[in-house]
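What the coordinates show
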Amino acid sequence: MKKWFTSAFVIVCLAFTVGITGAWGSTTVFSDNFDSYLIGDPASGGTLPGWDVPNSLNWKGAGGWYVSAGSVDLIGTGTAYGGGTVSSWDLIHGNGLYIDLDGTTNQGGTLAHDLSLQAGKYVLTFDLAGNQRISTPDLVTIHVSVGTFVDQVITRNMTDPFTTYSIPFTLPGASTITFSFANAGGDNQGALLDRVSVSAVPIPGAIWLLGSGLVALIGARRKCRA
Ligand SMILES: [Ca+2]
Ligand SMILES: [Ca+2]
Ligand SMILES: [Ca+2]
């Protein structure tokens with residue numbers, strides 16, 4: 001009888017694990033790594049007069065992104081600074097393009113995006129790095145408007161690498177949310193933002209089913225002992 005329980009327990013545990021793995025397979029509903037935007041594209045405010053190389057300083061936004069306060073820069077691979085080398089503004093190589101959250105107007109920027117979502121559980125994920133240039137730390141407020149606001153302040157020091165952060169939130173009903181990243185201060189050297197995504201997290205029904213399976217098994221075992 002003991003053997004039967006051990007085998008059954010192993011099977012349930014395996015199913016439980018598979019169930020969790022499958023159920024946790026969240027669906028990405030929004031994703032942007034900024035790599036698709038055109039450097040120097042005037043349509044997105046990319047080219048400033050008098051600069052001798054294409055650049056996207058004081059980026060106006062594209063792909064649904066907009067700047068609601070201050071300014072931000074679109075920098076990274078292939079960008080350059082007034083006559084500098086092409087890679088001079090690629091502060092952390094290997095990330096394509098990314099955002100400097102404090103543009104070139106001495107006003108820390110707020111970069112925002114709207115998104116229409118159904119009711120449910122979600123997680124906002126993004127990578128944030130230090131400014132890589134000056135020692136003053138950057139404070140970034142991440143704001144998600146979901147009826148009741150979700151705010152999180154993250155501090156990044158100068159040499160901090162890209163680190164992934166996640167902010168979960170729940171939408172009680174279908175609505176359009178706004179998520180934004182606001183860099184405090186204004187010294188033209190802001191925290192760096194890349195790989196922003198929003199994923200729907202399904203409620204793992206399989207866990208409940210398998211959980212009740214476990215309860216039943218424990219009950220059966222007790223019965224058997226008695
Ligand atoms: Ca990128
Ligand atoms: Ca800047
Ligand atoms: Ca700064």
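Calculation criteria
- Residues numbered from 1 in each chain as written.
- Chains lettered and ligands numbered in written order.
- Predicted model: local features only at pLDDT ≥ 70, side-chain atom pairs only at ≥ 80, totals over all residues.
- Heavy atoms only, no water.
- Helix = DSSP H or I, 4+ residues; strand = E, 2+ residues; numbered from the N terminus.
- Contact = heavy atoms within 4.5 Å.
- Areas by Shrake-Rupley, 256 points an atom, 1.4 Å probe, with all protein chains shown as cover.
- Donors = N, O, S within 2.8 Å, 3.2 Å for Na, K, Ca; no water.
- pLDDT = per-residue confidence, 0-100.

Let us look at the overall build of the chain. Helices and strands together make up the secondary structure of the chain, namely two helices and eleven strands. Sequence-ordered secondary structure for the chain, helices as α and strands as β, is α-β-β-β-β-β-β-β-β-β-β-β-α. Looking at the chain alone, contacts between residues at least 24 apart form 74% of all its contacts between residues at least 6 apart. Carbon and sulfur atoms make up 62% of the accessible area of the chain, which amounts to about 11400 Å² in all.

Listed as protein donors to the calcium ion (ligand 2) are Asp73 (OD), Asp100 (OD), Asp102 (O), Gly103 (O) and Asn188 (O); their distances from the metal cover 2.3 to 2.6 Å. The sequence pattern describing where the donors of the calcium ion (ligand 2) fall on their chain is D-x26-D-x1-D-G-x84-N. With a gap of 29 residues between them, aspartate 73 in strand 3 (residues 73-76) and aspartate 102 in the loop between strand 4 (97-100) and strand 5 (110-117) connect regions that are remote in the sequence.

Of the residues in the chain, 65% have a pLDDT of 70 or more, and the chain-wide mean is 78. Here helix 1 (residues 2-23) stands out as the least confident element of the chain, with mean pLDDT 45; strand 11 (residues 192-200) is the most confident, with 98. Contacts for the low-pLDDT stretch residues 8-23, under 50 throughout, to residues beyond four places or in other chains number 15 contacts.

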